[in-house]
Amino acid sequence: ETFTKQTVTISNEINEALPIKITETNFFKINSNDILLGYYYLGHAYGKADYFDFIVIFDKDLIVSKVKILVYREDHGSEVGSKRWLKQFIGKSTTMDLKYQKDIAAISGATISAKSMTNEVNKLLKTLEILNTKQQL
């Protein structure tokens, strides 16, 4: 299949109120033959000493389909990038408020990165909930 990405443009007024600012480089629609398949977000979270990059892919109903760590820059805590741990986010929706160690399991040796990743996904879900409510998506 052929996929295309489309930038999502948000008004400055709405963007100011969002937990995560949407830019022309971090949030996109995924289309195939002009049919909306979903969305993806490129983000950064903070580990113990450096940022790491991740992607969250959503279906057209804004349900998390996949989460992946793209670049992890530290020697310790890389367990946060394991497929097994990241699968916990799949199926989460914008109406959820994720709690680390309750909804998302802790990782020994990657506590800071795991908390940070959980917080960033949580802020992203809240951001998309606001945008969806305001019919910006």
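Residues numbered from 1 in each chain as written. Predicted model: local features only at pLDDT ≥ 70, side-chain atom pairs only at ≥ 80, totals over all residues. Heavy atoms only, no water.

Draft legend 1. Quick look at the side chain of Asn31. Summarising the element assignment, Asn31 is placed in strand S2 (residues 27–32). Side-chain polar atoms of Asn31 contact the side chain of Gln6, separated by 2.9 Å. (Helix = DSSP H or I, 4+ residues; strand = E, 2+ residues; numbered from the N terminus. Polar contact = N/O pair within 3.5 Å; in protein donor to acceptor, adjacent residues only side chain to side chain.)

Draft legend 2. Looking closely at the nonpolar core. Val56, Phe58, Ile69, Val80, Trp85, Phe89 and Met117 are the most contacted members of the largest nonpolar core, which has 35 residues in total. Taken together, the elements giving at least two residues each to this core come down to strand S3 (35–46), strand S4 (51–59), strand S5 (64–71), helix H2 (83–86) and helix H3 (111–133). Top contributing element to this core by residue count: H3, with 7 residues. Once residues within four sequence positions are removed from consideration, Met117 is found in contact with Ala45, Phe52, Phe54, Val67, Ile69, Val80, Trp85, Leu86 and Phe89. (Core = buried A, V, L, I, M, F, W, Y, C linked by side-chain atoms within 4.5 Å. Buried < 20%, exposed > 50% of the residue type's maximum accessible area, 1.4 Å probe, protein only. Contact = heavy atoms within 4.5 Å.)

Draft legend 3. A look at the side chain of Ser116. Along the chain, Ser116 falls in helix H3. In this view, Ser116 contacts Ala45 and Tyr46; residues no more than four positions away in its chain are not counted.

Draft legend 4. Region of the structure containing the pattern of salt bridges. Evaluated as defined, the whole model comprises 3 salt bridges. Residue Arg73 pairs with Asp53 through a salt bridge whose shortest N-O separation is 2.7 Å. Remark: Asp53 occurs in strand S4 and Arg73 occurs in the loop between S5 and H2; sequence separation between them is 20 residues. Given the relative accessible area of 40%, Arg73 is considered partly exposed. The shortest N-O distance in the salt bridge between Glu120 and Lys123 comes to 3.0 Å. (Salt bridge = Lys/Arg side-chain N within 4 Å of Asp/Glu carboxyl O.)

Draft legend 5. How the structure looks around unusual backbone geometry. The backbone of Asn33 shows a phi angle near 50°, a positive value even though the residue is not glycine. Mapped onto the elements of the fold, Asn33 is located in the loop between S2 and S3. In this structure, Leu62 takes a positive phi of about 65° despite not being glycine. For Leu62, the location among the structural elements is in the loop between S4 and S5.

Draft legend 6. Geometry of the confidence of the model for the chain. On average, residues of the chain score 94 in pLDDT, and 99% of them are at 70 or above. The spread of mean pLDDT over the elements of the chain runs between helix H1 (residues 12–16), the lowest at 93, and S5, the highest at 98. (pLDDT = per-residue confidence, 0-100.)

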